[in-house]
There are 4 protein chains.
Amino acid sequence: MRIQSSHIDQYNASAIKVHENNYRITKELLAQKSIDADAVVEKLRQFQIAIPSWALGAGGTRFGRFSTGGEPGNLEQKLDDIGLLHALTRSAGAISLHIPWDIPRDAQAIKQQASELDIVFDAMNSNTFQDQKDQALSYKFGSLSHINADVRKQAVEHNIEVISYGQALGSKSITVWLADGSSFPGQLNFRRALDNTLRSLQEIYAQLPADWQLFIEYKPYEPYFYSTVIQDWGTSFLLANELGNKAYTLVDLGHHLPNTNIEQIVSTLMYRGKLGGFHFNDSKYGDDDLTVGSIKPYQLYLIFNELVYGLENNTAQNPAPAWMIDASHNLKDPLEDLIQSLEAIRLAYVQALIVDRQGLWDAQLNNDVSVGQEILQDAFRTDVRPLLQEARLRSGGVIEPIKAYRYLNIRQQLIKERGSVTVATGL
Amino acid sequence: MRIQSSHIDQYNASAIKVHENNYRITKELLAQKSIDADAVVEKLRQFQIAIPSWALGAGGTRFGRFSTGGEPGNLEQKLDDIGLLHALTRSAGAISLHIPWDIPRDAQAIKQQASELDIVFDAMNSNTFQDQKDQALSYKFGSLSHINADVRKQAVEHNIEVISYGQALGSKSITVWLADGSSFPGQLNFRRALDNTLRSLQEIYAQLPADWQLFIEYKPYEPYFYSTVIQDWGTSFLLANELGNKAYTLVDLGHHLPNTNIEQIVSTLMYRGKLGGFHFNDSKYGDDDLTVGSIKPYQLYLIFNELVYGLENNTAQNPAPAWMIDASHNLKDPLEDLIQSLEAIRLAYVQALIVDRQGLWDAQLNNDVSVGQEILQDAFRTDVRPLLQEARLRSGGVIEPIKAYRYLNIRQQLIKERGSVTVATGL
Amino acid sequence: MRIQSSHIDQYNASAIKVHENNYRITKELLAQKSIDADAVVEKLRQFQIAIPSWALGAGGTRFGRFSTGGEPGNLEQKLDDIGLLHALTRSAGAISLHIPWDIPRDAQAIKQQASELDIVFDAMNSNTFQDQKDQALSYKFGSLSHINADVRKQAVEHNIEVISYGQALGSKSITVWLADGSSFPGQLNFRRALDNTLRSLQEIYAQLPADWQLFIEYKPYEPYFYSTVIQDWGTSFLLANELGNKAYTLVDLGHHLPNTNIEQIVSTLMYRGKLGGFHFNDSKYGDDDLTVGSIKPYQLYLIFNELVYGLENNTAQNPAPAWMIDASHNLKDPLEDLIQSLEAIRLAYVQALIVDRQGLWDAQLNNDVSVGQEILQDAFRTDVRPLLQEARLRSGGVIEPIKAYRYLNIRQQLIKERGSVTVATGL
Amino acid sequence: MRIQSSHIDQYNASAIKVHENNYRITKELLAQKSIDADAVVEKLRQFQIAIPSWALGAGGTRFGRFSTGGEPGNLEQKLDDIGLLHALTRSAGAISLHIPWDIPRDAQAIKQQASELDIVFDAMNSNTFQDQKDQALSYKFGSLSHINADVRKQAVEHNIEVISYGQALGSKSITVWLADGSSFPGQLNFRRALDNTLRSLQEIYAQLPADWQLFIEYKPYEPYFYSTVIQDWGTSFLLANELGNKAYTLVDLGHHLPNTNIEQIVSTLMYRGKLGGFHFNDSKYGDDDLTVGSIKPYQLYLIFNELVYGLENNTAQNPAPAWMIDASHNLKDPLEDLIQSLEAIRLAYVQALIVDRQGLWDAQLNNDVSVGQEILQDAFRTDVRPLLQEARLRSGGVIEPIKAYRYLNIRQQLIKERGSVTVATGL
């Protein structure tokens, strides 16, 4: 199923009048603060977020999975789903592929399909945290960090293979999420595991094309429950530094211990030019993988505040970070969930864009804590949703994506096409 | 120092035009959703928050305290400070007194002063977590829970004395924050400590006037670091149930373990009619006592969402909760900090008032998770600040309190009156 | 496969000499402190722990599962596995059955088999957190708390069916772990969900045989990630009190927020006679379900310290709690993992038994914090493993169960019998 | 007050017989595992722990402080107190000085006194988290990271002055605990604060004598509650790397977010030769500064397991770390508290020394998780206290320090000498 522009026009016709009024009002209100709403809208239009190929079906927990209907059964259908998202929102113009769940058997055809949908290929993702059916050696006790050199070799080769798939599609980066760790004291030797990981990464890095980037994710726990080899940003940063200037740290919002100040980590990484990208999601307890912005929207805004500041004052020449959603859709329609995530990310981005930077800087110079807080809260409390709508409208998307999605009966049509009991590959 | 209405008028004159336009716009936007802005404003005008007598000076940590100037040196000056707050915001019309830091030596005069300032006396607070100079027995190892009956008796009598101070002033409730606990396994016998606490509270409760309420606070740790006798809402609820129908649980937002779902606790207490009141503040790590709404504004809103729902559907006949700020002002001017807290509380309250309750209910009936989230986020993302300004304006306060506070040079005048090196009693 | 007593004798013969020496030494050392080692050994021999029927195969996470060989394929084989454990350790003389994973189709035969293995039937467990193949209505959005009365009815009937299965086997209790909750603010109405839960539990309770107990588990999160209907002991306690005197709270060690003082919760529940039982496991981050005692052995000991004290001073007539292991075996041989858990539980129990209660009491009377700590640490630091060995020996078990398990090649035989690629029902 | 060796002999006479028997038994038990108890005792005798000059009086919280009697009133008395500790335990042969609380006005006399007491000068500690009476500029808004260059300069000069005090005494290192941070979003610019910190540290480092080390502490929060400039080991490691090979990271056990795997951090730092030292304490919730080993003794042991392994396999040539206690004594007699901390540290050290390293290595090679756990638990569960006693005895200390301390009425004598209401400088 693909969305025709006539569908979009039809929906927008019903909402345009209210929107135009709201946008006009918001523009005036922002003008009071010397903010040019149109300029913000233009920046926002350029802001594209990658959708992971594994996030288009229902997720689950170790206690089970409740399926949803009309899930995509193969890579082509996944691309189609992202195409739907992108047609509605004009902000999901990239896919992040997972290997081996979504191997592009015919790269040319996949590229062609993506191109038709106006979608590019963002970071590739390898998987050495599960055993595949035909796999020679098990990753039960690790992969890149494994005590056994043969297992490490297999894992290294898998990553190199993922790169080659990516090259065929035009991707320019690979994300390594290394789940390796231990669940019990005594299970592994920390130092040796870290050293093995460094050596394995060096072998992968040696095969990295000149114009590629390698992103190293970190996470404190799960699926192992005592230690994780790359447990925090410090470990990822250490590895990225030892690898070289094509290696970067990737921040997944859910991969932190309770109460971590993530925005400061973002700032520190950009201070040394080592922020590679983001996995967006939200969480209350652990790596809950909930809809972005559903739990801690102010934290998300503070993170974007650092990102916008960092990119505007890019002394360490940090490359443009990769933006990606990484959530699990256990209860909601995955496409609705992704629409809500996209909206929350863009909201935080716009809020960060309208921060009174000069005023903030002056307040900081004077240690005027109250005013510093006022300035950040002012941007956050401003209702900038009309700017998000305007950006979509100008790019050919719909004003209100969730409403349009329902109005157009998209899920029902997908169920009709694909069936009501479906299982997408992924988590 | 007192603020003349002419000062307020003078400031408002400079801001009224922009405000009127913003209020008109907001009113129209809310009308689109069938919300009557004026009715919300009237509800908001009735909403008064108590200021604790110990929060008007600079707070500190165990590592020290950096003083601020112009702090109030006695109860009369503290009342004056709250008078300033109330004159500006028209939302701080109550004081919560702490004994023995702020003993009203001349109750009649204090009542008279408060009355002139339009301030009433909210919950009284006892203190058995510190030793006072002339104190016979030490609370080092507990008070109401102490192993020694004489110490318990002394602590009980102190609480009864606090009630009598409150009676003289017209207060109708006492808050017991029992810090008692232990810092090491083996230090105390949990069961005996809890049983002693119950018996001590029963003795206090026996002296509670018929029209009074007793609020029992809970807290997981600090100032003791292994156990606290009343460690969580469950323990407070157990005690309140055993005491009787004038005993209630009090929720301090900072008194929870990491990641606690506080809004659900609020709902459960109201479900059984046992929510007595609130201590508002915000925190990232522990009982940080930061400005309300400065860290997790969405959580604050979700709590108000439960409060508004609970009071509108008050099947268990929960009495109107006591609202109080309990923060520590280590870095900011305490009055500015309190203004920001008042604003954040009122913002959350208004956001909760404009939630589409019927729509939310329908979504819940259909397990429509996406729409349930949309409805809550819609109210939160709406900029309702003009309603807060309008409520102040209608009640004779200032449109923008922080700006007016600075415009009127209030702190400078307080420093002139009281000196630049001052120490208020309190934390 | 069953273990012959000759196998046990054979193994013990190799270890008896060292053991006897160690036991003699330990007995002398304890005698220095006026502790009768033999009496402790006899108490320990009476201490039996239930094994859950779902813990005999490899567990996994949402990221996958690495299988182990020789897993039991049906209830009979699971009983056999527990029989092996019990034969070796003489401390696993009970099974806790999960329905519908392990429905006893032929109760008579199952009872007969259990009796031969000297195993009794501990608490039954219902499951309304997963959908079964032939299930009419889905539990995706809850069960006992569901907004839809038909779903609640289905879940109530399932629990009543579980009770009837238990009656046929001689069980005397049912554990309700209610996973119900929500993953997003707005998804459910807290109060209605709790009220529905209470009503559903009342319907189950009405069908509870006169000599049965109902255990109500609590958990802060997972599988839902914003709220859980029974989020903490306070909620479980509230429900148990409303249900009546056959309802109790069950404590799972992994079901707490970070840093919770669990031992104090145990004490509070016993203070009011409402501690129903335990699910033992260990964890570092969340509900990690690791081997008991592998992460925080001192906490486990402190919990047993409360249990032993509470049972020796049982003023509220708390019934004897149900002891059960509830762990997930993702990496280790499940039987070895269970042996280690049994050992850790028994170790903590013996350490708690040898605490100098009178000395501790005296220290508490004098607020002698240092000595209180010394006394608790003294028992914990004493090496009482020879008492555990002696208890096994006297009961016909093996001196060193892990070593014996390997010496007897038990896993290899199970693989031979059952195959190397097996999947047990369960998590 | 000083302890005569006759006092020690007198006490030991009463305990020697039991001790000799216990040591003999323990030696035999260890010999069964091919461990030479005497060799362990000799290693232990070399193991000295520094006592901070601020830990000899009663500590407190922001809620107050309950004093103890006989506290030392000046540096000389503090040295005397450590002298008492060292005479009893023979393991506290170093002092860590804090400036400006304990400025050595007459360095020669202080050195002489320390020499008589057999005490050396460990790391010096600077203080830029409090304002001193005669201080020109305030540290309320930071010190080494301050936005104002003059404040930074003052803080840098203070550190350089601390180094010069240390040189006069023979110290060889300085510990920088930088409390700088912020309590509200917007208060400071993360990147600038970090950059200012780096530059300030570089200025201090430039003045560091050739044979000195600079230790950089980290901490996530407190006394600031939103951000801390050096929030984690990664930030400290980044700074230490940029400074040079005399700069190292210092680990304070209480300075971590909930559930942090500290032992892995230790391993990672040693992997790159950047572990400078330790501040020992224990905690359940935050930076509780409790007696070492009183809450999580197994974690402490796992940390020592990494330390012992790291020092025995010191491929990165990490220098010998500085060992120091950093606790706050709110309830116990500070000297008793320190004795308990010393005992817990030494216990963990000995347990780590007797780990079967070869067996552990073999288990790890085979991913034999159960056996890896067994080996670590075996050492931890072994009662090695007689080795600690033997080490003290051989070095001229007492067999049982807490008992001897009370037997010798030390606190009573200190109160007699110094008075019962005393306040030591410090926290």
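Rules used in this analysis
- Residues numbered from 1 in each chain as written.
- Chains lettered and ligands numbered in written order.
- Predicted model: local features only at pLDDT ≥ 70, side-chain atom pairs only at ≥ 80, totals over all residues.
- Heavy atoms only, no water.
- Least-squares fit on C-alpha atoms with pLDDT ≥ 70 in both.
- Contact = heavy atoms within 4.5 Å.
- Helix = DSSP H or I, 4+ residues; strand = E, 2+ residues; numbered from the N terminus.
- Polar contact = N/O pair within 3.5 Å; in protein donor to acceptor, adjacent residues only side chain to side chain.
- pLDDT = per-residue confidence, 0-100.
- Domains from an automatic or database assignment.
- Buried area = accessible area lost by both parts, 1.4 Å probe.
- Salt bridge = Lys/Arg side-chain N within 4 Å of Asp/Glu carboxyl O.
- Phe/Tyr/Trp six-rings, centres within 6.5 Å; stacked < 30°, edge-to-face > 60°.
- Buried < 20%, exposed > 50% of the residue type's maximum accessible area, 1.4 Å probe, protein only.
- Lys NZ or Arg CZ within 6 Å of the ring centre and 35° of its normal.
- Nonpolar A, V, L, I, M, F, W, Y, C, P; charged D, E, K, R; others polar.
- Expected span 1.5 Å × (residues − 1).
- Pairing = 2+ DSSP bridges.
- Right-handed = clockwise from strand over helix to strand, strands pointing away.
- Arc of directions from axis to C-beta.

Before going further, it helps to spend a moment on the relation of the copies chain D and chain B. Laying chain D over chain B is done by rotating through 180 degrees and shifting 0.0 Å along the axis; what remains is an RMSD of 0.0 Å. In short, the pair behaves as if placed about a two-fold rotation axis. Within chain D, the C-alpha atom positioned nearest to the axis of rotation is that of Arg62 of chain D, 2.3 Å from it. Both copies present the same face, since 100% of the interface residues in chain D are matched by interface residues at the equivalent positions in chain B.

Summarising the element assignment, Gln187 of chain D is placed in the loop between β6 (181-182) and α6 (190-206). A distance of 2.9 Å separates the side chain of Gln187 of chain D from the backbone nitrogen of Ser183 of chain D, its partner in a polar contact. Setting aside residues up to four positions removed in sequence, Gln187 of chain D forms contacts with Gln364 and Val369 of chain A, Leu331 of chain B together with Phe141, Gly181 and Ser182 of chain D.

The next point concerns the confidence of the model for chain A. Per-chain confidence: chain A averages 96 in pLDDT, with 99% of residues scoring 70 or above. As scored by the predictor, the complex reaches a pTM of 0.98 and an ipTM of 0.97.

This part takes up the domain arrangement of chain A. Interface size, as often reported, equals the accessible area lost upon joining of the parts. Residue and element names in this part refer to chain A. When cut into domains, chain A gives domain 1 (1-118 + 259-427) and domain 2 (123-252). The C-alpha centroid of domain 2 is placed 27 Å from the C-alpha centroid of domain 1. Contacts between the two partners involve 33 residues from domain 1 and, on the opposite side, 33 residues from domain 2. Summed over both sides, the interface of domain 1 with domain 2 buries roughly 2,600 Å², with 62% coming from carbon and sulfur. Where domain 1 meets domain 2, there are one salt bridge. Residue Asp287 pairs with Lys219 through a salt bridge whose shortest N-O separation is 2.9 Å. Seen at the junction of domain 1 and domain 2, the total is 18 residue pairs in polar contact (both at pLDDT 80 or more).

It is worth spelling out the packing of aromatic side chains at this point. Under the definition given, this model contains 82 aromatic pairs over all chains. Considering the side-chain rings of Phe129 of chain C and Trp177 of chain C, the 4.8 Å spacing of their centres and the 50 degrees angle between planes classify their relative orientation as tilted. Here Phe129 of chain C is found in the loop between β4 (124-125) and α5 (149-169), whereas its partner Trp177 of chain C is found in the loop between β5 (173-176) and β6 (181-182), with 48 residues between them in sequence. Assigned by exposure class, Phe129 of chain C and Trp177 of chain C land together as buried. Three or more aromatic residues joined by ring pairs form one cluster here, namely Phe47, Phe278, Phe280, Phe304, Trp323 and Tyr349 of chain A. One residue, Arg272 of chain B, lies across the ring of Tyr271 of chain B, its end atom 4.0 Å from the ring centre.

This part is about the interface of chain D and chain B. The partner chain B presents 44 residues to the 44 residues of chain D that form the contact. A buried area of about 3,900 Å², summed over both sides, lies between chain D and chain B, and 67% of it is on carbon and sulfur atoms. Of all residues in chain D, Arg62, Phe63 and Leu331 of chain D bury the most surface against chain B, accounting for 24% of the area lost on that side. Our count for the chain D to chain B interface comes out at six salt bridges. Counting across the interface, chain D meets chain B through ten residue pairs in polar contact (both at pLDDT 80 or more). Here the side of chain D that touches chain B is composed, by residue class, of 21 nonpolar, twelve polar and eleven charged.

Each partner contributes to the interface: chain D provides 55 residues, whereas chain A provides 55 residues. Summed over both sides, the interface between chain D and chain A buries roughly 5,100 Å², with carbon and sulfur atoms accounting for 57% of that surface. Across the pair Glu242 of chain A and Arg272 of chain D runs a salt bridge, and its minimum N-O distance is 2.6 Å. At the boundary of chain D and chain A, one finds 24 residue pairs in polar contact (both at pLDDT 80 or more).

Residue and element names in this part refer to chain A. Taking 1.5 Å per residue as the helical rise, helix α5 (residues 149-169) with its 21 residues ought to reach 30 Å, and the 31 Å between its terminal C-alpha atoms agrees with that figure. Residues of α5 that are buried: Val151, Arg152, Gln154, Ala155, Val156, His158, Asn159, Val162, Ile163, Tyr165, Gly166 and Leu169. Buried positions along α5 lie against α4 (107-116), β3 (120-121), β4 (124-125), β5 (173-176) and α6 (190-206). For α5, the side-chain oxygen to backbone nitrogen distance between the N-cap and Asp150 is 2.7 Å, and the N-cap itself is Asn148. The positive-phi residue at the C-terminal boundary of α5 is Gly170, with phi of around 95 degrees.

Residues and elements named next belong to chain A. Along the polypeptide, Pro104 turns up in the loop between β2 (94-96) and α4. By relative accessible area, Pro104 is classed as buried at 5%. Between the C-alpha atoms of Pro104 and Glu76, which are 28 residues apart in sequence, the distance is 9.0 Å. Each residue touching Pro104, except ones within four places of it in the same chain, is listed here: Leu75, Leu97, Ile99, Ile110, Tyr165 and Leu169.

This paragraph deals with unusual backbone geometry. The omega angle of the peptide bond from Ile99 of chain A to Pro100 of chain A is 20 degrees, so this bond is cis rather than trans. Inspection of the secondary structure puts Pro100 of chain A in the loop between β2 and α4. Non-glycine residue Asp289 of chain D carries a positive phi angle of around 55 degrees. A residue is classified by how much of its surface remains accessible, and Asp289 of chain D, at 5% relative accessible area, is buried.

Moving on to the environment of Asn159 of chain D. Residues and elements named next belong to chain D. Within the fold, Asn159 resides in helix α5 (residues 149-169). Judged by its relative accessible area of 1%, Asn159 falls in the buried class. Here the alpha-carbon distance between Asn159 and Ala210, two residues 51 residues apart in the chain, equals 16 Å. Setting aside anything within four residues of it in sequence, one finds Asn159 in contact with Ser126, Thr128, Leu144, Ile174, Val176 and Ile204.

All names here are of chain A. Burial of the side chains of β5 extends over both faces: Ser173 and Thr175 are buried on one face and Ile174 and Val176 on the other. Judged from the two bridges that link them, β4 and β5 form a sheet pairing that is parallel. Of the residues in β5, the one forming a bridge with Met124 is Ile174. Following the chain from β4 across α5 to the adjacent parallel β5, one finds a crossover that is right-handed. With four bridges joining them, β5 and strand β7 (residues 213-217) adopt parallel strand pairing. Its bridge partner lying in β7, Ile174 is registered against Leu214.

Our next topic: the pattern of salt bridges. For the structure on display, the rule yields 124 salt bridges over all chains. Linking Arg62 of chain C and Asp289 of chain A is a salt bridge whose minimum nitrogen-to-oxygen distance equals 2.8 Å. Taken together, the positions of Arg62 of chain C in the loop between β1 (50-52) and α3 (75-89) and Asp289 of chain A in the loop between β10 (275-280) and α9 (297-312) put the pair across two chains. Note that Arg406 of chain A and Asp368 of chain B form a salt bridge whose closest N and O atoms lie 2.6 Å from each other.

The next point concerns helix α4 (residues 107-116) of chain C. Residues and elements named next belong to chain C. Burial in α4 covers these residues: Ala107, Ile110, Gln113 and Ala114. Taken around the axis of α4, the buried residues stretch over an arc of 130 degrees, which confines them to a single face. When the buried face of α4 is taken as reference, the exposed residues oriented beyond 90 degrees from it are Gln108 and Ser115. Against the buried residues of α4 lie α3, β3 (120-121) and α5. Positive phi shows up at Asp118, right after α4, with a value of about 65 degrees.

Time to look at the pairing of strand β11 (residues 322-325) of chain D. Residues and elements named next belong to chain D. Burial along β11 is two-sided: Ala322 and Met324 facing one way and Trp323 and Ile325 facing the other are all buried. The pairing of strand β10 (residues 275-280) with β11 spans four bridges and is parallel. Residue pairing across strands places Gly277 opposite Ala322, the latter belonging to β11. In the classification by handedness, the crossover that spans β10, the intervening helix α9 (residues 297-312) and the parallel β11 is right-handed.

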